Amino acid sequence: MIKILREPDIPGAYSIVQRVIQYLNKQNINQWDQVYPTLEIIKCDILSENAFGYFLDGQLSGFVVINNEFPVEYNSLTWMETPENSLVVHRLSIAPDLQGMGIGKKLMGHAQNFALENGYKSIRLDAFAENPAALRLYESLGYMKIGTVGLRKGEFNCYEKLI
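What you see is a predicted model; the values in this text were computed from it and never measured. (Residues numbered from 1 in each chain as written. Predicted model: local features only at pLDDT ≥ 70, side-chain atom pairs only at ≥ 80, totals over all residues. Heavy atoms only, no water.)

Of the regular secondary structure elements, the protein holds four helices and seven strands. Listing each helix as α and each strand as β along the protein from the N terminus yields β-α-α-β-β-β-α-β-α-β-β. Overall, the protein is about 40 × 35 × 30 Å in size when its C-alpha atoms are taken along their principal axes. Within the span of the protein, comprising 163 residues, buried residues form 45% of the whole. Residue pairs in contact within the protein that sit at least 24 positions apart in sequence constitute 71% of those at least 6 positions apart. Across the protein, the mean location of the 15 positive side-chain charges is 5 Å away from that of the 18 negative side-chain charges. (Helix = DSSP H or I, 4+ residues; strand = E, 2+ residues; numbered from the N terminus. Buried < 20%, exposed > 50% of the residue type's maximum accessible area, 1.4 Å probe, protein only. Contact = heavy atoms within 4.5 Å. Lys, Arg positive; Asp, Glu negative; His and termini not counted. Charge placed at Lys NZ, Arg CZ, Asp CG, Glu CD.)

This is the structure in structure tokens:
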């Protein structure tokens, strides 16, 4: 079941992020750290009602943040749709022990349904260029690579999907 996250879900969401950081580090994928994403960022995502969680047997197993905010670096790329018509996906996080079960695809499907229901014409996101699993996921879902941007941790591939 996918539902909007609420204040009591903050510790569970942050715990998932911490476990994902450890999991990525073991694979030498240096995407996230103690600087990003912080507890404060996760708290803000949830309190602003931009975070949606996937619950498996009543337990928060993954989440995604969707809004229309994007890094200024996106302005250097030629996108298919205007920013006003684009929903942006952030911080897709799946508990490491549950990865490979399709939770990420379900959360991305929810983002697409949300975009359709709210009049958006595309979905944008960025993914760490050194995270092959994330890149495969987005490409398998029909996201087109628009270009790359440099963010604090390195190169990020930027993707967009028209809906």
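Having put the structure on the table, let's press on.
Take unusual backbone geometry next. Here the residue pair Tyr 36 and Pro 37 is connected by a cis peptide bond, since its omega of -5 degrees sits within 30 degrees of zero. Checked against the element boundaries, Pro 37 lands in the loop between helix H1 (10-26) and helix H2 (39-47). A positive phi angle, near 60 degrees, is found at Asn 28, a position not held by glycine. Considering the arrangement of structural elements, one finds Asn 28 in the loop between H1 and H2. Judged by its relative accessible area of 68%, Asn 28 is exposed. The residue Arg 91 is not glycine, and still its phi comes out positive at about 50 degrees. Secondary-structure assignment places Arg 91 in strand E4 (residues 86-94).

For the structure on display, the rule yields seven aromatic pairs. Here Phe 70 and Tyr 74 contribute two aromatic rings whose centre-to-centre distance is 5.8 Å and whose plane-to-plane angle is 10 degrees, an arrangement assigned as stacked. Judged by relative accessible area, Phe 70 falls into the partly exposed class, the value being 28%. Relative accessible area serves as the criterion here: at 1%, Tyr 74 is assigned to the buried category. With a centroid separation of 5.0 Å and 35 degrees between ring planes, the pair formed by Tyr 74 and Trp 79 is classed as tilted. Assessed through its relative accessible area of 13%, Trp 79 is described here as buried. Put simply, the rings of Phe 70, Tyr 74 and Trp 79 pair up and form one aromatic cluster. The ring of Phe 55 has Lys 3 sitting right over it, with the charged end atom 4.7 Å from the ring centre. Directly above the aromatic system of Phe 70 lies the positively charged group of Arg 124, at a separation of 6.0 Å from the ring centroid. (Phe/Tyr/Trp six-rings, centres within 6.5 Å; stacked < 30°, edge-to-face > 60°. Lys NZ or Arg CZ within 6 Å of the ring centre and 35° of its normal.)

The strand order across the open sheet built from seven strands is E1-E2-E3-E4-E5-E7-E6, with neighbouring strands paired in mixed fashion. Strands with a single pairing partner mark the edges of an open sheet, and in this sheet they are strand E1 (2-4) and strand E6 (144-151). Here the average twist between neighbouring strands, direction ignored, is 30 degrees. In the sheet, E6 pairs with strand E7 (residues 154-162) via seven bridges, with the strands oriented antiparallel. In the sheet register, Thr 148 faces E7, and the bridge partner there is Asn 157. Against the sheet, H1 contacts strand E3 (59-67) and E4, and its axis sits at roughly 90 degrees relative to E3. (Pairing = 2+ DSSP bridges. Axes fitted to C-alpha atoms, helices over the stretch in contact; angles between N-to-C directions.)

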